[in-house]
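# Structural overview
Chain by chain, the residues run as shown.
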Amino acid sequence: SNPRNLVFHGAYPVPATEKVTFAFSTPESSESVQTSVEVYDLLGRQVAEVLNKTLPGGYQEVVWQIDQNHRPLPGVYISVVKFGNEVAQKRLVIK
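What this report covers is the structure whose coordinates are included nearby. (Residues numbered from 1 in each chain as written. Predicted model: local features only at pLDDT ≥ 70, side-chain atom pairs only at ≥ 80, totals over all residues. Heavy atoms only, no water.)

### Some words on a nonpolar patch on the surface
Using the following cut-off: Patch membership is restricted to residues that have no salt bridge and whose relative accessible area is over 30%. Joining uses 9 Å for like charges and 5 Å for the nonpolar side chains Val, Leu, Ile, Met, Phe, Trp and Tyr. Only the protein chains shown count as cover for residues, with accessible areas throughout obtained via the Shrake-Rupley method and a probe of 1.4 Å. Salt bridge, as used here, is a side-chain nitrogen of Lys or Arg placed within 4 Å of a carboxyl oxygen of Asp or Glu. Under the scheme used here, helices are H or I runs from DSSP no shorter than 4 residues and strands are E runs no shorter than 2 residues, and both carry numbers assigned from the N terminus.
Among the surface-exposed residues, Y12, V14 and Y59 lie close enough to one another that they form a single nonpolar patch of about 340 Å² accessible area. Tracing the backbone shows V14 in the loop between strand 1 (7-12) and strand 2 (19-26).

Here is the structure:
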């Protein structure tokens, strides 16, 4: 099977305070694929599941509105995008 070539463009703004936009793209295709965007702390604990649904290929932007009543502590986190069995990750700073 051909690799789907997930490209994680990044998460912005940096540092994040109230909301984070995750931008990623996959090749245009007629088939939709299970896609998730998750945020983890540096110990590997999940802080947020921002998205978990079937998406078609193409450019995507997913917004995480940070819950101000249950916000993560300021610091460095790992944002993870999964598209089928492909995984890409980037550092995320929350202020």
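### Describing the pairing of strand 7 (residues 86-94)
In the case of a regular strand, side chains alternate between the two sheet surfaces. Cut-off, in case you're wondering: Any two strands between which DSSP finds at least two bridges are classified as paired.
Where strand 6 (residues 75-83) and strand 7 come together, nine bridges link them in antiparallel fashion. Directly across from V81, in strand 7, lies its bridge partner A88. Here strand 6 hands over to strand 7 after two residues, with G84 in that stretch at a positive phi of 65°.

### Some details on the environment of V50
Here is the rule we go by: Here a residue-residue contact requires only that any non-hydrogen atoms of the pair lie within 4.5 Å.
Within the secondary structure, V50 is located in strand 4 (residues 46-55). Discounting residues that sit within four places of it in the chain, V50 has contacts with F22, V37, V39, V62, V63 and W64.

### Let's talk about the pattern of salt bridges
Rule in force here: Accessible area is worked out with a 1.4 Å probe on protein chains only. A residue is then buried under 20% of its type maximum, exposed over 50%, and partly exposed in between.
Summed over all chains, the structure comprises two salt bridges. Across the salt bridge formed by K82 and E38, the nearest N and O atoms sit 3.2 Å from each other. You can see K82 sitting in strand 6 and its partner E38 sitting in strand 3 (residues 33-40), a full 44 residues away along the chain. In this structure, the salt-bridge partner of R45 is D41, at a minimum N-O distance of 2.7 Å. Judged by its relative accessible area of 13%, D41 falls in the buried class.

### Here's the deal with the sheet that holds strand 7
The following threshold applies: Think of each axis as a best-fit line through the C-alpha atoms, taken over the contacting stretch in the case of a helix, with angles from 0 to 180 degrees between the N-to-C directions.
An order of 4-3-6-7 is seen for the four strands of this open sheet, with the pairing classed as antiparallel. Of all strands in the sheet, those with a lone pairing partner are strand 4 and strand 7, marking the two edges. Each strand axis lies, on average, 15° off the axis of its neighbour in the sheet, ignoring direction. In this sheet, strand 4 lies alongside strand 3 in antiparallel orientation, the contact comprising eight bridges. Each bridged residue has a counterpart across the sheet, and for Q34 the counterpart in strand 4 is T54.

### Here we look at the environment of E38
This is how the line gets drawn: Two N or O atoms form a polar contact when they lie within 3.5 Å of each other; inside protein one atom must be a possible hydrogen donor and the other a possible acceptor, and for residues adjacent in sequence the pair counts only when both atoms belong to side chains.
Overall, the relative accessible area of 7% leaves E38 in the buried class. As for E38 and F22, which are separated by 16 residues in sequence, their C-alpha atoms are 10 Å apart. Those residues in contact with E38, other than ones at most four positions away along the chain, are Q46, A48, E49, I78, S79, V80 and K82. At 3.2 Å, the side chain of E38 and the side chain of K82 are in polar contact.

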